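Reading the structure
Here is how the chains run, residue by residue.
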Amino acid sequence: MSIITIERKVLEKNDEVARKAREEFAKRRMLAINIVSSPGSGKTSILERMLEYFNDAVAVGVIEGDVQTDLDAQRIAKYDVPVVQVVTNGMCHLEAKFVYDSLSAFDGKDIRLLIIENVGNLVCPSNYDLGEEFKVVVLSTTEGDDKPLKYPAMFRNASVLLINKIDLLPYVNCNVDSMIKNALTVNPKLKIFQLSCTNVQGIAEWCGWLEKQLI
Amino acid sequence: MHEMSLAQDIVASVREHVGTERLRSVTKVRIEIGAASGVVSESLQFAFDAIIQNSSLSAATMESTIIPFVVHCYHCGKDSQNDGGYMLCSECDSSDVAIVSGAELILKQIELKEM
Ligand SMILES: Nc1nc2c(ncn2[C@@H]2O[C@H](COP(=O)(O)OP(=O)(O)O)[C@@H](O)[C@H]2O)c(=O)[nH]1
Ligand SMILES: [Mg+2]
Ligand SMILES: [Zn+2]
C-alpha cells in the first residue's frame, strides 16, 4: 500500500483564479462586490435601484449569474450600463473563472464598481471566492428571521447584510430585531442596511456607504 | 447542490496526482469536511460514487472526516469550538476571532494498493 498526501483545499483551483481576478480588479481600480441570496430576495431589484442612484455619478458594470435565461440581464440593459450575462446551465453558483473570463467585456470602460449578481441560492455560492472585495448577502423580510442561523456559512462569509422588503413588515411575521440579532450571532462584523426597493427606503444610505468604499 | 461540482473537482485532483496508469489501484480517497463548510457529506459521497462508477477509479471509496469548527480568540487567547459556524468565542463571547478549522473542504490523502 502507498499513500499520497495532498492536504489541499478542493477549491484551490477556483481560489487561484479568484486571486487573478482580484489582481485584475486592483489594476483596474474597480471595486467588485458579489451579491448573494435565495431566489426572489430582491438582488436584481436592489441592483436596479443602485443603478438609478449612481446614474452617471459612478461608472458601474454588472455581471448577471443565472441558471437559465438572460431575463435579469435584460432588466439591467435598460440602464445603459455594460452587463455580461453568465448562464451556468444548471450549476447552482458562479465560479471565479466565469467572472475572470467576463472581464474583457469591461475593457476600456473605466468601471469603478463591478456588481456581480450570483445565482439565487443561499448555500452553494458561499464557498466560491470570485475575487470580490466582499460578499453582500440579501435577506428579505418574507424569508423569516431565523435564516442566518440556518445558513450560517453565507452570513459568515459576507461583509454586508441587506435586509430587503421592509415595506412588507406590516404584513409578514418577521421580527427585524431578531433577524439582526441572529445575523450578528453568526457574524458580529456584519454591516447591516434595511431596504425597500418599492419605496427606496435605505437605498441612499446603502449606496452612500458603498460609494465610500470605492478605490 | 454544489456537491456535484466539488466531487468532480476531487476526482480531477485525484487523476492529476495519481496519473492515468495508476488510477485502477486507488483504494481510498480521504477528505476532510469542515463542520461549517456548508458541504453535505452524504451528498458529496453520493456524487463521488456516481462519478467514479464505470471509470478506472471505480474501485475507490471516499472516506470523509468531519472537522469541528474552531475559532481562535484574540481577546482571551483561547481556541473554542461551536457547531453553528459562528464567529464568536465560546469562552468570552468576543467577536475578535479568526477561523482555525472547520470551514473548508480538504483533499487529504489518496491510498493506493501496490500493483
Ligand atoms: N414589496 C417588495 N417587493 C420587492 C422588493 N424587492 C424586490 N421585490 C419583489 O420581489 C420579487 C423578486 O425580486 P428580484 O429582484 O427578481 O429577486 P432576485 O431573484 O433576488 O433577483 C419581484 O417580484 C420584486 O418586485 C421590496 O423591497 N419590496
Ligand atoms: Mg435576479
Ligand atoms: Zn475569547
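Above this text sits the structure in question.
I will try to describe carefully the structure that is included in this document. Predicted, not measured: the structure shown is a model, and the values here were computed from it.

This paragraph deals with the site of ligand 1. Residue and element names in this part refer to chain A. Near ligand 1 lie 17 residues; those nearest to it are Lys43, Thr44, Ser45, Asp167 and Cys197. Measuring from a nitrogen atom of ligand 1, one finds a side-chain N or O atom of Asn164 at 3.1 Å. Cys197 places a polar main-chain atom, nitrogen or oxygen, 2.7 Å from an oxygen atom of ligand 1. Coverage of ligand 1 by the protein chains reaches 71% of its 580 Å² of free accessible surface. A per-element tally of the shell around ligand 1 places helix α2 (residues 43-54) first, with three residues. Here the shell around ligand 1 is composed, by residue class, of three nonpolar, nine polar and five charged.

All right, on to the coordination of the zinc ion (ligand 3) then. Residues and elements named next belong to chain B. Bound to the zinc ion (ligand 3) are the protein donor atoms Cys73 (SG), Cys76 (SG), Cys89 (SG) and Cys92 (SG), situated 2.3 to 2.4 Å from the metal. Note that the zinc ion (ligand 3) binds four donor atoms; their angles at the metal cover 107 to 115°, and the shape is tetrahedral. Site description for the zinc ion (ligand 3): donor spacing in sequence, C-x2-C-x12-C-x2-C. In this pair, Cys76 is assigned in the loop between β3 (70-73) and β4 (79-81) and Cys89 in the loop between β4 and β5 (97-101), connecting sequence segments 13 residues apart. Look at Cys76 and you get partly exposed, because its relative accessible area is 31%.

Here is what the cut-offs are and how they apply
- Residues numbered from 1 in each chain as written.
- Chains lettered and ligands numbered in written order.
- Predicted model: local features only at pLDDT ≥ 70, side-chain atom pairs only at ≥ 80, totals over all residues.
- Heavy atoms only, no water.
- Near = heavy atom within 4 Å.
- Polar contact = N/O pair within 3.5 Å; in protein donor to acceptor, adjacent residues only side chain to side chain.
- Areas by Shrake-Rupley, 256 points an atom, 1.4 Å probe, with all protein chains shown as cover.
- Helix = DSSP H or I, 4+ residues; strand = E, 2+ residues; numbered from the N terminus.
- Nonpolar A, V, L, I, M, F, W, Y, C, P; charged D, E, K, R; others polar.
- Donors = N, O, S within 2.8 Å, 3.2 Å for Na, K, Ca; no water.
- Tetrahedral: all angles 85-135°; square planar, octahedral: opposite > 155°, others 65-115°.
- Buried < 20%, exposed > 50% of the residue type's maximum accessible area, 1.4 Å probe, protein only.

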